[in-house]
Structures are given as structure tokens and as C-alpha cells.
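# Commentary on secondary and tertiary structure
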Amino acid sequence: MQYIPNILFLIILALGIGYFTLNIKKLIRNIKLGKEVDASDNKGERWRNMARIALGQSKMVKRPIAGFLHIVVYVGFIIINIEVLEIIIDGLFGTHRIGLKVLPESVYGFLIGSFEILAVLVLVSVVVFWLRRNVIKLKRFLSSEMRGWPKNDGNIILYFEVVLMCLFLVMNATDTTFQNLGHGNIISQFIAPWFGDNPDTLHMIERTAWWLHIVGILIFLNYLYFSKHLHILLAFPNTYYGSVQPKGKFNNLEAVTNEVKLMMDPNADPFAAAPEGAEEEVPAKFGASDVMDLNQIQLLNAYTCTECGRCTSACPANLTGKKLSPRKIMMDTRDRLEEVGKNIDANGGEFKDDGKQLLGDYITNEELWACTTCNACVEECPVSINPLSIILDMRRYLVMEQSAAPMELNNMMTNIENNGAPWPYNQMDRLNWAKEE
Amino acid sequence: MSEELKVPTMAEYMAEGKQPEILFWVGSAGSYDDRAKKITKAFVKILHKAKVDFAVLGTEESNTGDVAKRAGNEFLFQMQAMMNIEVLNAYEVKRIVTCDPHSFNCIKNEYPSLGGNYDVVHHTQYIKELMSSGRLTLEGDTYKGKRITFHDPCYLGRANSEYDAPRDVLKKTNANLVEMKRHRSTALCCGAGGAQMFKEPEKGNMDINVLRTEDALETKPDIIATGCPYCNTMMTDGVKAKEKESEISVLDIAELIANS
């Protein structure tokens, strides 16, 4: 009988971690629906980027207020989670505050004391975050793509954090042995009197807070997959796989290179039989109309996006009232990818055509054509997401597969084809400027 | 400019069996657009003043394909790129200077994997180089005390992280350099990039170049300095839209330096 709590704990822990693992596997499967992309270069620089941008939060502080508050929550969250280690050991082995048995009292007190201070700082920051979203109404949290679930998601995360931090403080405040220690109860000593001095009541509250705290953490862990909050995990791989090239460098499509080389080769025989094995090859599709046409890094980008909207708030098209919002491009990509994933789950592991695609059903031509390719969104993203690369791949599909460019752009391209300039001027007049007054 | 400019071509150099120091890539705007041609000529004037041995491709130059690529036409881009690379490689070109950040970015970053490897320099970087090596000196005080604000071209700044060269050059004019609230990596696009130059904007509540011009006007400038022919057009139009063209001029850095 005395092992019932331990067994119960083990079951809850296994369920929590098990379901989370299941969803992470699904996430990896979904990302792998995208095209493979070689990112084996510049390992050193990639690790440095991860350390600087994800771990070091270097881009967050570009906007000082949000950046500072974010660092508080981030540091608090990571450090306070050391406490979870103790909770798991205690839960599994039926110990109580195992830390006290392995660490000197003063060290343990110092650790828990720091956690308590951090917990309060996190609480304050989370309240400010909530005010920014719900009372101050910052413009970037009010765009049309933020209505409904994305707005609720943002608030739910904040409520989770408030509850978890409060439970942590209550758990400490009602733990009489810990309070009697006189170390580390920097904050909780002021809360302790609220709960009276009946040892049985205190013990019951302490146990309830302890259980709710660990259960809450496990629920939060499992909430991640359904939330924009995945960035707390994916920011790390995403900054690793982020581009290490100059931002202006757009990839050259290899499939196109092969065809252009063939076209320009005077010795190529247009009637030659296809080389052996070529008949099985599906002709390459140029550009992207759906998530499967995007590459794996672009899909990882979509899962990593935490919908902060810094990209959109810097986008010249969005700032001047156009429909384009780089954040929406990322949210649409993730929504469509999830839809495809669910389709695969429902159809025994195979995707059944659902008559929908990313282009048209989620992202419109109007949004794609409004982009100036200025890279402001890429520069702004605190976790190295590149919305521009998705926009470009979708433009490529529109132009090369559908010939659906706006009329003026078709004229411009015809001019380049005919006379090597975007305007209808004669190639032979190219040096006339030198002779003009 | 009254005197006719001497602009040698690569073909002429080749005929004499010589190689110029640099190839000046004029670009489509610089060759055909009336406003951009003035920038081209100003830069040639600087090259002559600094006694730079340069040549252009002239009628052998063709559009880089940059704008086609950004519009999504990878085919057209690669066709243009490969044709240009054939010409450039045939002349054994090593170093290219251009006044157009779009050509600069495209040849520098996107030509190499198609077989075109050159040392590509933006004209503001090249002018800075000429100044620091002492080949180009400014005598006049044309711009002393004038308020100049520099508009970062996306394809020089964010795209290639070059923010200092244009500013270093401008400082040499003894002008009073003032920054817009959005500058360097946070600079706002002029609205021409990504093939927008060649189409009407999508429906919105404002034109991007007008918004950017408002950024510039906040600094109360005498001159808005640019480093890109497309930015120049957009900012010029923006200044006109704000009816400030009698007070504020929009000039490329090449023009500013050629006049001082």
C-alpha cells in the first residue's frame, strides 16, 4: 500500500512523457514530408549561431522591453526546472526533498531561494506580457491572423506559467520542514502565514500543490505540440539550421540548371533517347504549391514560429496596408502541414488528396506578389525563420508552373528575354548613355 | 556634362591585348533609365578622376536576371546568368564594380554556383577604397554643413551586411550625416525590390516609397543620399508626392562625390 503514490507517480510520468514522445515523432514525420536539404556545411558557425541566437537570446534584445522580459521568463523557466529533477526523484522513490540529503543545507537553501526569486520575477514578467497582449493592445498582436485560437493560445501559455509559479511558491510555503530550515524561503516565508498553522491542513495543501505542480508541468509539456510555444524546444535546431549565407543569396534551382544547360549546349541532341533509368523519374516540379514541395528546414521554421509578429511589424508591405504578413505565411504553412499530417494518420499512413493545397486555400497570390524581398522579416526573426524563402518558392510555382505572374511582370520578363533589359529598349543601344549629353 | 565621356569596352581592351583593373557593370537601369544614366556618368567621372583603368561590356552586357529570379522566373534568370557568365569568363574578368546593389548581390552570390566567380564590389565600397588608397581626394566643400540622410538599399545592407562603406564615403564630404529612425539593419525598403519596380503595388493604404520618404523627412535633410538606382527613383517620387522637391534633392553617392 505504501508504494501506491510512487506507482501512481510513475504512471503519470510515463503517460506524460509517452504522449509527448508520440507527438514529437509525428512532428518529425511531418517535417520529413518536406524535401531533403543539405545543411552539413559550416558546422562551427551553425553551433555558434545556436549558442548566440537561441541560448544567448541575442536577437530578442533588439526590442529591449520585450527582450528583457523574455530573458527573465526564459532564464526563470530553465533554472526553476532544475527543481523538477528533485520532484521526479522524490516522486519515484518516495523521498522528500532529496536535495537536502545530498547537498549542504546552505547550498540547497541558496538554490531554492534563487528559484523563489526567479519565480516572482517570472510572475511579474508574465503579467506584463498579458497586459501587452490584452490591455495595451500592441499592434502586432492584433493582426487578423491572430484572431481566435492564436490569441487564446498566447494567453493560455501565460496562465499556465502563472499557475505553475504559484504552485511552486505555495508548495514551499506550506512545507513546514522547509520553512523551519530558515534557508531559501526568501519569498515563501511571506506567503506561509496565509495558510495558518494547522500541520494537517498545511501538509494536505503542500501535497496537493506538489502533485498539481508536476502534473501541470507534464500537461504543459504535452500542450507544446498543439501550441505556438514549441519554440522553447525548436528554437535550438532552428537556429542551427538557419541560413549561414548572405541574406541576399537565393538558392539556384538545380533542376532548372540542368535544363538550361541542355538548352544552351550546341551539341545537345533534342531527339536523343532518355538515358537509362530516366523514364522512371518524375519530371521536377518547379517551386512550391503545397507543404510537400517545401524543404525540411522551411517546415521546421513553421513549427518553430511563436507568432511574435516582429517580422510582420517590420514588413514594408504590411506596414502600408497590404495583405501580406510574413507571420501568416509561417502560420499557414504549419496549419496546412498539420492538416496533411492528420490526413496521413486518418488514411493509414498515406496521404489521400484532399483537394486542397497551401497555395490558394491558405496563401493567396495577392499576398505573394506584395513582397519586396527586402529581408526585413528574416532580419527581425529572433529564431532565424525565413518566411521569404517560402514566398519565393511559391512565386516560382506561380510563374514556372502556372504562368500566373501579374501582366506587367510578364511584359518585363518578355523584354528581358527579347532584348536583355526589363524595358523594351534595343540591346544595341545599351552603351548609348556614354554618347548622350 | 559637356565633354563626351570616354568609356572603353572590354572588346577594345581585348583587341589591344590588355586587361582593365575593373569591369564596370552598368546594369539595365544604369544603361537605359534617364535618371540612373546620370548616376552611371557620375561614377565614370569618378573613375576618370581617380585614373582607374576600367572597361564596360557595352552591347555585350545583358540583364543579370536578378529581377526575373525574384519574380519567380528561375529559368529566365539562369539563362541570363549563363549568357553573362560566358561573356565575362571569355574576357577573363576578375573584378566587377557596379552601382546597382541588385546586380552586385546577384553576380556576387548567385553567379558562382553557375560558374561565374568574380570579386564583386559595390560602387560605394569601391569609392571608399579609392579614397583610402589616396587615388581619389575631395577638394571642394560643396556639402559642408548640409544635412544628408542615407537610405540603405536592402540588397547592399541587409542582404550583404554592408552598412559602413556608404556612410564612410559620405563622411568625407564633411556633410552633417543624420540617420533615419529606421536605418542600417532595420532600414525600410523603398518599395521597388522583388520586381515591385515593374508592377503596380497590391491594394493597401499607402505606397511604401511615401512611407520611407516620411522616415527621411523626419530628419529634416537637405539631401537624401541613395546607393541604388531603384531606390533613387522611389525616393525621388516620394519627395515629389510630399511636394518637397524644391527643398530636398535625392542624389546617389556617386553623384555627391563626383560633384564635390
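Definitions and cut-offs
Within any chain, residue numbers begin from 1 and follow the written order of that chain's sequence. For this description, chains carry letters from A and ligands carry numbers from 1, given in the order in which they are written. Restriction of local features to residues with pLDDT of at least 70 applies here, the model being predicted, together with a cutoff of 80 or more for giving and counting side-chain atom pairs; totals for whole chains, interfaces and linings are based on all residues. Processing note: side-chain calculations cover all non-hydrogen atoms of the structure and skip hydrogens and water entirely. Only DSSP runs of H or I covering at least 4 residues are called helices, and only runs of E covering at least 2 are called strands; the numbering of each starts at the N terminus. Both definitions apply: the radius of gyration is a C-alpha atom measure, and the globule rule equals 2.2 Å times residues to the power 0.38. Residue exposure (1.4 Å probe, protein chains only): buried if accessible area is under 20% of the type maximum, exposed if over 50%, otherwise partly exposed. Contact criterion: two residues are considered in contact whenever any of their non-hydrogen atoms come within 4.5 Å of each other. Computed by Shrake-Rupley with a 1.4 Å probe, the accessible areas treat only the displayed protein chains as cover when residues are assessed. The convention is simple: Lys and Arg are positive, Asp and Glu are negative, and His and the chain ends are not counted. To locate a charge, take NZ of a lysine, CZ of an arginine, CG of an aspartate or CD of a glutamate. To estimate how far a helix should reach, multiply one less than its number of residues by 1.5 Å. Polar contact is the term for a pair of N or O atoms within 3.5 Å; when the atoms are in protein, one must be able to donate a hydrogen and the other to accept it, and sequence-neighboring residues count only if both atoms are side-chain atoms. Here, any two strands with at least 2 DSSP bridges between them count as paired. Axis definition: a line fitted to C-alpha atoms, over the contacting stretch in the case of helices. Angles run 0 to 180 degrees between N-to-C directions. Every patch collects residues that have over 30% relative accessible area and no salt bridge, joining them within 9 Å if they carry like charges and within 5 Å if they are nonpolar side chains (Val, Leu, Ile, Met, Phe, Trp, Tyr). What makes a salt bridge here is a side-chain nitrogen of Lys or Arg within 4 Å of a carboxyl oxygen of Asp or Glu, nothing more. Note that the domain bounds were set by an automatic or database domain assignment. Two parts placed together each lose some accessible area under a 1.4 Å probe, and the buried area is that loss summed for both. Each Phe, Tyr or Trp ring, with Trp reduced to its six-membered ring, pairs with another whose centre is within 6.5 Å; inter-plane angles below 30 degrees give stacked pairs, above 60 give edge-to-face pairs, and intermediate values give tilted ones. With strands facing away from the observer, any crossover in which the path from the first strand over the helix to the second runs clockwise is taken as right-handed.

### Describing the overall build of chain B
- Within chain B, the secondary structure is distributed over eleven helices and eight strands.
- A compact globule built from 260 residues would reach a C-alpha radius of gyration of about 18 Å, and chain B, at 18 Å, matches this within 12%.
- On the principal axes, the C-alpha backbone points of chain B span a range of 50 × 45 × 30 Å.
- Residues counted as buried form 65% of the 260 residues belonging to chain B.
- Restricting the contact set of chain B to residue pairs at least 6 apart, pairs at least 24 apart contribute 79%.
- Here chain B displays about 9500 Å² of accessible surface, and carbon together with sulfur accounts for 47% of that area.
- In chain B, the 33 positive side-chain charges and the 38 negative ones have mean positions that sit 5 Å from each other.

### Remarks on the overall build of chain A
- When its secondary structure is counted, chain A shows 21 helices and zero strands.
- In terms of overall size, chain A is more extended than a compact globule, its C-alpha atoms giving a radius of gyration of 28 Å where 437 residues would be expected to give roughly 22 Å.
- The buried share of chain A, taken over its 437 residues, is 50%.
- Intrachain contacts of chain A at a sequence separation of at least 6 include 76% that bridge at least 24 residues.

### A few points about helix H20 (residues 387-401) of chain A
All names here are of chain A.
- Across its 15 residues, H20 extends 21 Å between first and last C-alpha, which sits within 8% of the 21 Å expected from 1.5 Å per residue.
- Among the 15 residues in H20, 13 count as buried, and that is most of the element.
- With a side-chain oxygen lying 3.0 Å from the backbone nitrogen of leucine 388, the N-terminal cap of H20 falls on asparagine 386.
- Where H20 ends, the next residue or the one after it, serine 403, has phi of about 45°, a positive value.

### Some thoughts on the sheet that holds strand S7 (residues 223-226) of chain B
Residues and elements named next belong to chain B.
- Here we have four strands laid out as an open sheet, ordered S6-S5-S7-S8, and parallel in their pairing. For this open sheet the edge positions go to strand S6 (176-177) and strand S8 (249-252), each flanked by a neighbour on one side alone.
- In the sheet, strand S5 (residues 147-150) pairs with S6 via two bridges, with the strands oriented parallel. Each residue of the ladder has a partner; that of arginine 147, found in S6, is asparagine 176.
- Where helix H8 (residues 164-171) meets the sheet, it contacts S5, S6 and S7, and its direction lies at approximately 170° from that of S5.

### Brief notes about a nonpolar patch on the surface
All names here are of chain A.
- A cluster of nonpolar residues, Val127, Trp130, Leu131, Val135, Ile136 and Tyr159, forms a patch on the protein surface that exposes about 530 Å² of accessible area.
- Examining the composition of the nonpolar patch, we find that three residues originate from one element, helix H6 (residues 105-134), more than from any other.
- Position of valine 135 among the secondary structure elements: in the loop between H6 and helix H7 (149-173).

### Section: the domain arrangement of chain B
Residues and elements named next belong to chain B.
- Examined at the domain level, chain B breaks down into domain 1 (10-129) and domain 2 (139-258).
- Computed from C-alpha atoms alone, the centre-to-centre distance between domain 1 and domain 2 is 23 Å.
- At the junction of the two partners, domain 1 supplies 28 residues and domain 2 supplies 29 residues.
- The contact between domain 1 and domain 2 buries some 2300 Å² in all, and 67% of this surface belongs to carbon and sulfur atoms.
- On the domain 1 side of the interface with domain 2, the three residues burying the most area are Arg35, His102 and Thr124, jointly 22% of the side's total.
- Counting every contact that joins domain 1 to domain 2 gives two salt bridges.

### A word on the packing of aromatic side chains
All names here are of chain A.
- Tallying each qualifying case throughout the model produces 17 aromatic pairs over all chains.
- Taking the centre distance of 5.9 Å and the plane angle of 65° together, the rings of phenylalanine 9 and tryptophan 211 count as edge-to-face. In this pair, phenylalanine 9 sits in helix H1 (residues 4-31) while tryptophan 211 sits in helix H10 (residues 199-223), placing the two residues 202 residues apart along the sequence.
- For phenylalanine 9, a relative accessible area of 2% gives the class buried.
- Where phenylalanine 77 meets phenylalanine 220, the ring centres are 6.0 Å apart and the plane angle is 65°; that geometry is what we call edge-to-face. Taken together, the residues span a long stretch of sequence, with phenylalanine 77 in helix H3 (residues 64-80) and phenylalanine 220 in helix H10 at a distance of 143 residues. Each of the two residues, phenylalanine 77 as well as phenylalanine 220, counts as buried.

### With respect to the pairing of strand S3 (residues 95-98) of chain B
Residue and element names in this part refer to chain B.
- Pairing analysis gives three bridges linking strand S1 (residues 22-25) to S3, with the strands arranged parallel. When the sheet's bridge partners are listed, phenylalanine 24 is paired in S3 with valine 97.
- Note that S3 and strand S4 (residues 119-122) share four bridges and pair parallel. Pairing of isoleucine 96 across the sheet is with valine 120, part of S4.
- In the classification by handedness, the crossover that spans S3, the intervening helix H6 (residues 101-110) and the parallel S4 is right-handed.

### A few points about the pattern of salt bridges
- For the structure on display, the rule yields 40 salt bridges over all chains.
- The residue aspartate 354 of chain A makes a salt bridge to arginine 336 of chain A at a minimum N-O spacing of 2.8 Å. In this pair, aspartate 354 of chain A sits in the loop between helix H16 (326-346) and helix H17 (358-361) while arginine 336 of chain A sits in helix H16, placing the two residues 18 residues apart along the sequence.
- Overall, arginine 336 of chain A belongs to the buried group, its relative accessible area being 0%.
- For the salt bridge of lysine 37 of chain B with glutamate 436 of chain A, the shortest nitrogen-to-oxygen distance reads 3.0 Å. Of this pair, lysine 37 of chain B sits in helix H3 (residues 34-49) while glutamate 436 of chain A sits in the segment after helix H21 (407-419), each in a different chain.
- Judged by its relative accessible area of 8%, lysine 37 of chain B is buried.
- Judged by its relative accessible area of 34%, glutamate 436 of chain A is partly exposed.
- Where salt bridges share partners, they join Asp290, Arg336, Glu339, Asp354 and Lys356 of chain A into one cluster.

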